[in-house]
Amino acid sequence: MTGGVFVFLEQTDGALEDASLEVLGKGREIADRLGVPLTGAILGEGVGELAEYCARMGAQVVLAADSPHLKNFTAEAYTDVVSRMVKPRDPDILLIGATHNGTALAGMLAVRLGTGLMAHVVDLEIETGTGTLLGSVPGFGGSIVAICKTKKGRPQMATVRPGVFVAPSPTEKAGTVEPFPVDLKPEDVRCRVVERVVQHGASVSKAQRVVVAGLGCKDDLSLPKKLAEATGSTFGVSRPVADKGLAPKNLVVGSTGSSLNAKLAVVVGVSGAAHFTSGLRNAETVVAVNSDPNAELFKHADYCVVGDASKVIPRLISELGAEGK
Amino acid sequence: MNLIVCIKVAPKVDQIKFDEQKRTIIREGVENEINDADKNALEAALKLKDSHGGKVVVLSMGPPSFDPFLRLAVAMGADDAVLLSDRAFGGADTYATSRVIAAGIDKLKPYDVVLCGEASSDGSTEQVPPSIAGWLGIPHVSYVSTMEMVGDKVRARREITDGHEVVEVMPPVLASVQLGCNSPRFPDFRRKRWADKEFKLKIMNIQDLGFAPGDVGLEGSRTEVTGLSRMRSPERKREFIVGTEEEVAKRLAQIVKG
Amino acid sequence: MSAQAPDLELRRSVAESTDGSLAACYQCGTCTAICPMNVPVRSIMRGAQVGIRELAVTDALWQCATCRQCEVACPRGVDIAGVIHSLRELSYKERKVPAKLEGALWRVYEEGTAWEGKKNERARWAEGLDVNVGKPAKHLLYLDDAASFDPRLQRIAQSLVKIFNAAEVDFAVLGEKEKSSGDEVYQMGEDGFLEELAQSNIEAFKGTGAEDIITVSPHSNGVFRDVYPRYGTLPPVFHYTEFLSDLLDKGLLKPERANGGEGLTVTYHDPCYLGRYGGVYEEPRKLLESIPGVKISELDDNRSNALCCGGGGGGMFVESEGLRPSHRRVSQAEEAGASVMATACPFCVLNFEDGVKTVGSSIKIRDVAEIFAGTAGRGGK
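Just so you know, these numbers come straight off a predicted model, no measurement behind them.

**Considerations on the overall build of chain A**
In step 1: Scanning chain A from terminus to terminus reveals 8 helices and 18 strands.
In step 2: What you see for chain A is a C-alpha radius of gyration of 22 Å, in line with the 20 Å of a compact globule of 325 residues.
In step 3: Along the first, second and third principal axes, the C-alpha atoms of chain A reach 65 × 45 × 35 Å.
In step 4: Burial analysis of chain A (325 residues in total) assigns 54% to the buried set.
In step 5: Of all intrachain contacts in chain A linking residues separated by at least 6 positions in sequence, the fraction that spans at least 24 positions is 64%.

**Focus on the overall build of chain B**
In step 1: Looking only at helices and strands, one finds 8 helices and 15 strands in chain B.
In step 2: Expressed along its principal axes, the backbone C-alpha trace of chain B runs to roughly 70 × 50 × 40 Å.
In step 3: Of all 258 residues assigned to chain B, the portion counted as buried reaches 51%.
In step 4: In chain B, once contacts between residues fewer than 6 apart in sequence are set aside, the share between residues at least 24 apart is 71%.

**Quick notes on the nonpolar core**
In step 1: If you look at the biggest cluster of nonpolar residues, it comprises 143 residues, and the most contacted ones within it are Val5, Ala73 and Leu115 of chain B.
In step 2: Leaving out residues up to four positions away in the same chain, Val5 of chain B has contacts with Ala41, Leu42, Ala45, Val56, Val58, Leu59, Ala78 and Leu115 of chain B.
In step 3: Core analysis: the next-biggest nonpolar cluster, separate from the first, contains 115 residues, Cys309, Val318, Val340 and Ala373 of chain C among them.

**Digging into the sheet that holds strand S5 (residues 264-268) of chain C**
All names here are of chain C.
In step 1: Here we have 4 strands laid out as an open sheet, ordered S6-S5-S7-S8, and parallel in their pairing. What marks the edges here is a single partner per strand, and that holds for strand S6 (294-296) and strand S8 (364-367). Here the strands of the sheet are splayed against their neighbours by 35 degrees on average, with no regard to which way each runs.
In step 2: Pairing of strand S7 (residues 340-343) with S8 involves 4 bridges; the strand directions are parallel. Counterpart to Thr343 in the pairing with S8 is Asp367.

**Remarks on unusual backbone geometry**
In step 1: Cis rather than trans, the peptide bond between Arg154 of chain A and Pro155 of chain A has omega equal to 0 degrees.
In step 2: Take Pro155 of chain A: it is sitting in the loop between strand S10 (144-150) and strand S11 (156-160).
In step 3: Cis geometry is found at the peptide bond from Lys109 of chain B to Pro110 of chain B, where omega equals -5 degrees.
In step 4: For Pro110 of chain B, the position within the fold is in the loop between helix H3 (94-107) and strand S8 (113-117).

**Concerning the environment of Pro213 of chain B**
Residues and elements named next belong to chain B.
In step 1: Structurally, Pro213 is set in the loop between helix H6 (206-209) and helix H7 (217-220).
In step 2: Expressed as a C-alpha distance, the spacing of Pro213 and Arg87, which sit 126 residues apart in the sequence, is 9.8 Å.
In step 3: If near-sequence neighbours (up to four positions away) are discounted, Pro213 is found in contact with Ala88 and Glu219.

**Observations regarding the interface of chain B and chain C**
In step 1: Listed as interface residues are 10 residues of chain B and, on the opposing side, 13 residues of chain C.
In step 2: Class assignment for the residues of the side of chain B that touches chain C results in 3 nonpolar, 2 polar and 5 charged.

**Regarding helix H1 (residues 36-52) of chain B**
Side chains three or four residues apart in an α-helix point the same way, a direct result of the helix having 3.6 residues per turn.
In step 1: With 17 residues, H1 of chain B ought to run about 24 Å at 1.5 Å a step, and its terminal C-alpha atoms sit 24 Å apart, in line with that.
In step 2: Gly53 of chain B occupies a position one or two residues after H1 of chain B and carries a positive phi of about 75 degrees.

**Concerning the packing of helix H3 (residues 41-50) of chain C against helix H6 (residues 80-93) of chain C**
Residue and element names in this part refer to chain C.
In step 1: Where H3 meets H6, the axes come as close as 11 Å, and the angle between the chain directions of the two elements is 65 degrees. Seen from above, H3 lies across H6 with left-handed handedness. For the pair H3 and H6, contact is made by Val41, Ile44, Met45 and Ala48 and by Ile80, Val83 and Leu87, respectively.
In step 2: Taken together, the residues of the contact of H3 with H6 sort by class into 7 nonpolar, no polar and no charged.

**Considering the packing of helix H1 (residues 8-17) of chain C against H6 of chain C**
Residue and element names in this part refer to chain C.
In step 1: Packing of H1 against H6 brings their axes to within 9 Å, and their N-to-C directions diverge by 130 degrees. Relative to H6, the element H1 is oriented oblique. Viewed along their axes, H1 and H6 form a crossing whose handedness is right-handed. Between H1 and H6, the contacting residues are Leu10, Ser13, Val14 and Ser17 on the first element and Gly82, Val83, Ser86, Leu87 and Leu90 on the second.
In step 2: Taken together, the residues of the contact of H1 with H6 sort by class into 5 nonpolar, 4 polar and no charged.

**Structural notes on the interface of chain A and chain B**
In step 1: Contacts between the two partners involve 70 residues from chain A and, on the opposite side, 66 residues from chain B.
In step 2: If you tally residues by element for the side of chain A that touches chain B, the top one is helix H4 (residues 100-113) of chain A, at 9 residues.
In step 3: Class assignment for the residues of the side of chain A that touches chain B results in 33 nonpolar, 21 polar and 16 charged.

**Some words on helix H11 (residues 192-208) of chain C**
All names here are of chain C.
In step 1: Here H11 spans 25 Å end to end across 17 residues, near enough to the 24 Å set by a 1.5 Å rise per residue.
In step 2: Along H11, the residues that are buried comprise Leu194, Leu197, Ala198, Asn201, Phe205 and Thr208. What you see down the axis of H11 is that its buried residues fit within an arc of 100 degrees, all on one side. Residues of H11 that are exposed and point more than 90 degrees away from the buried face comprise Glu203 and Gly207.
In step 3: Considering only its buried residues, H11 is in contact with strand S1 (139-142), strand S2 (171-172), helix H10 (183-187) and strand S3 (212-215).

**Looking at the confidence of the model for chain B**
Close inspection of predicted coordinates is inappropriate in any region flagged by low pLDDT.
In step 1: The pLDDT averaged across chain B works out to 92; a share of 98% of its residues lies at or above 70.
In step 2: For this predicted complex, the interface confidence score (ipTM) comes to 0.89, while the overall pTM stands at 0.89.

**Some remarks on the sheet that holds strand S8 (residues 123-126) of chain A**
In step 1: Here we have 4 strands laid out as an open sheet, ordered S8(A)-S9(A)-S10(A)-S14(B), and antiparallel in their pairing. In this open sheet, the two edge strands, each paired with only one partner strand, are S8 of chain A together with strand S14 (223-230) of chain B. Ignoring which end each strand starts from, the neighbouring axes of this sheet average 25 degrees apart.
In step 2: As paired elements, strand S9 (residues 133-139) of chain A and S10 of chain A share 5 bridges and run antiparallel to each other. In the sheet register, Gly139 of chain A faces S10 of chain A, and the bridge partner there is Ile144 of chain A.

**Some remarks on the environment of Pro224 of chain A**
In step 1: For Pro224 of chain A, the location among the structural elements is in helix H5 (residues 222-231).
In step 2: As for Pro224 of chain A and Val211 of chain A, which are separated by 13 residues in sequence, their C-alpha atoms are 6.7 Å apart.

**Let's talk about the environment of Glu116 of chain C**
In step 1: Within the secondary structure layout, Glu116 of chain C lies in the loop between helix H7 (99-111) and S1.
In step 2: With 33 residues separating them along the chain, Glu116 of chain C and Phe149 of chain C place their C-alpha atoms 7.4 Å apart.
In step 3: Look past the residues within four positions of Glu116 of chain C in its chain and what remains in contact with it is Ala273 of chain A together with Phe149 of chain C.

**Looking at the pairing of S1 of chain C**
All names here are of chain C.
In step 1: Note that S1 and S2 share 2 bridges and pair parallel. When the sheet's bridge partners are listed, His139 is paired in S2 with Phe171.
In step 2: Where S1 meets S3, 4 bridges bridge the pair, whose relative direction is parallel. Bridging across to S3, Tyr142 finds its partner in Thr215.

Conventions adopted
Residues numbered from 1 in each chain as written. Chains lettered and ligands numbered in written order. Predicted model: local features only at pLDDT ≥ 70, side-chain atom pairs only at ≥ 80, totals over all residues. Helix = DSSP H or I, 4+ residues; strand = E, 2+ residues; numbered from the N terminus. Rg over C-alpha atoms; globule rule 2.2 N^0.38 Å. Buried ≥ 20, exposed ≤ 12 C-beta atoms within 10 Å, placed from the backbone. Contact = placed C-beta atoms within 7 Å. Core = buried A, V, L, I, M, F, W, Y, C linked by C-beta atoms within 7 Å. Pairing = 2+ DSSP bridges. Axes fitted to C-alpha atoms, helices over the stretch in contact; angles between N-to-C directions. Nonpolar A, V, L, I, M, F, W, Y, C, P; charged D, E, K, R; others polar. Expected span 1.5 Å × (residues − 1). Left-handed = near helix turned anticlockwise from the far one by under 90°. Parallel < 35°, antiparallel > 145°, perpendicular 65-115°, else oblique. Arc of directions from axis to C-beta. pLDDT = per-residue confidence, 0-100.

This is the structure in structure tokens:
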């Protein structure tokens, strides 16, 4: 089967990345619009089940490359395998979720395939008449968007910012899984992962509700943590709080940490410097509590409360408790 | 160790204005700076040199106006600097940019580690470092926070979502370095005076790199921009909730429950 | 400690920078006892005298707020702040500097400010105000970084504009062209970039044709007075309290009644860089007492014995919250029975605002300019 839309499906420690599901959903939409097939590719060790799942989610064919050499992501091994999948199939469009690894893969793959890559797109459209893929690429700190297209080379490649599109629903007719032979030798995998520490569980970037505590909490995180519990939220912190050793770095929200995709973010005692507020961009509703009426954070919030967190938060907790959640 | 650091000189993002009428970016009067993440990359390289000895060369693709910034990098401690400059290189997308930079790096063989910042403050595509690695045929390790040599291997710590990884790889390797992972050393101003007045910057043009015009710049790009628009950051309501402590708490509870 | 050869270069370097002042130290330890920032001053002095690098070039150097309270207490007149500075220069050469201060250095170089802020936003504080930006005038009002960018501190300059306009003072500000005084650069022990910055500022000041420079922050005074003369000649520099005191003497100021006529008990905190460094103690008090209804109640430890807020010497950029004595000072203000603690330094204002929150006090923190412009008393926002 040649032509069509090709989607790279990333798995991490046996779980599919949300970004990959989102891209699969959009890929499905584009393939249907163009009337072309949709192929997915999944790499790793023991990926059979995940491949089956993706086949139910809209991919007509899912190529599953299973090998211990693919267990951890390495750019060179993944680029090698995906390019060997793509070349003979000659798809029109290739989409990858812009996770850390997806971005690294896409850059190397685009050069291997000699094609144009639109990075971190926040929208994808098919140009009427030409059927060309148009990507909206943000730049200059995110304030300006460039509409781009691949002018030379195939497939037209794009990495997609996580959280922009939605995951697909299961299709009536499931697709098929095709095992893809992996011919890698140990020396083909140049990067050896010697240690890997990942805290699974509440992820700040994936949480629907987050309470973020900043330095304004005066080193006492017990109140914001209580609020997080009372509201069923994941707990996060601003960078300076983690730097002080009061919370682990994986809870950091901001440009050096996680971007929030939450429906509700309650931010307590954070002044709101640019490197923090960039992490709030995709949060739907932001509530800010700060004792400084001129806090920069208020410019990036929907609801603003000027007050002492040590008074506001306990009141809020008891109010929530009184009426039940 | 032979270390090469790719730096981008980018416009200060806060000074950029957008012409709503013409739908173009207004660059006049905008000051440039060394991309912050590339400063982190240079610091990482200088730290490796401090521990293991060797040479650090900075490399950039751009017009002659990048000259003072390369000298600034030398003032920070780089031993040498190369500017890849030619009219033909202009208008390049990440494909054509990475191609030219890779060719420049190739001319500086042999090298052990190539370092780049993970992304630039203006384009922020994060695509150039892996693409360079693709052209050079070397492995790429991304989001590196610290690096050291263990025997003859490079050991790098990568920061990933919800955790970290430690990776070992034989050089040559390209490492893209995480923004803010270290504190870039302030330039030595005595060295800067020497760098500004006496240091000889090496310049390579299209012939030096052996390219035809169609390979590079706008012509050699694989993508093109068909239009620009302003992206509205989510318009926040900025509604201040005032009242007694009780009233505020009740309103907040309402909002929280959605 | 194992036997080791003394670091003669260290000894020589410190002795040279401080004109041999350290030789007088006889290790009594009064400095360590009195230091509000818990710096092990005595052992640092010992390390520098003898040449023991680990004692002298230590992380504790960066806890020092350069307040000079140790010098007031020192029975031998040792130039302790000078020794600390000389050791910081050595520390800087070895790149043993706090990361936050190094970041501030880059900001001064790239954006002209040590405080977080962008060069093209430096004049935002003046929007909507009747103030001469960039045109020649008799007096140049110089804000420096913190007062230009920090929202709490912008009120000080705004108050001064109001006072100056009421007194018809011919003054101007540099606006976006104003650059950092370089105090943080100096405090870090860097002198290569400092030279360029100082020379550039001296040129800029000359270019305004102003007769004198009036500063908002005593820290600007400190570096202009003590450091800039190495690089060129500045016009005379005054802190605004000195200038206003002069205007008061000439009958050009008409202070409004404070606090809506109810009268106000105010206490005044002597900023280290205005008092101990600048010798300016009485002018701010004179200004406060000239306001009808204001009564001053002195703090314990006043004038040359004032207790530092912890902000000098780069202290505003270094994480030492647990160590800042600003909380203690707020408690002293409560003991003095004051409803307002007045001061005349932007760093003191910020540290005391923090102190008030930590201690849970209802005392208002106001800069003298704010009180004088009639914005103190009830609320004053």
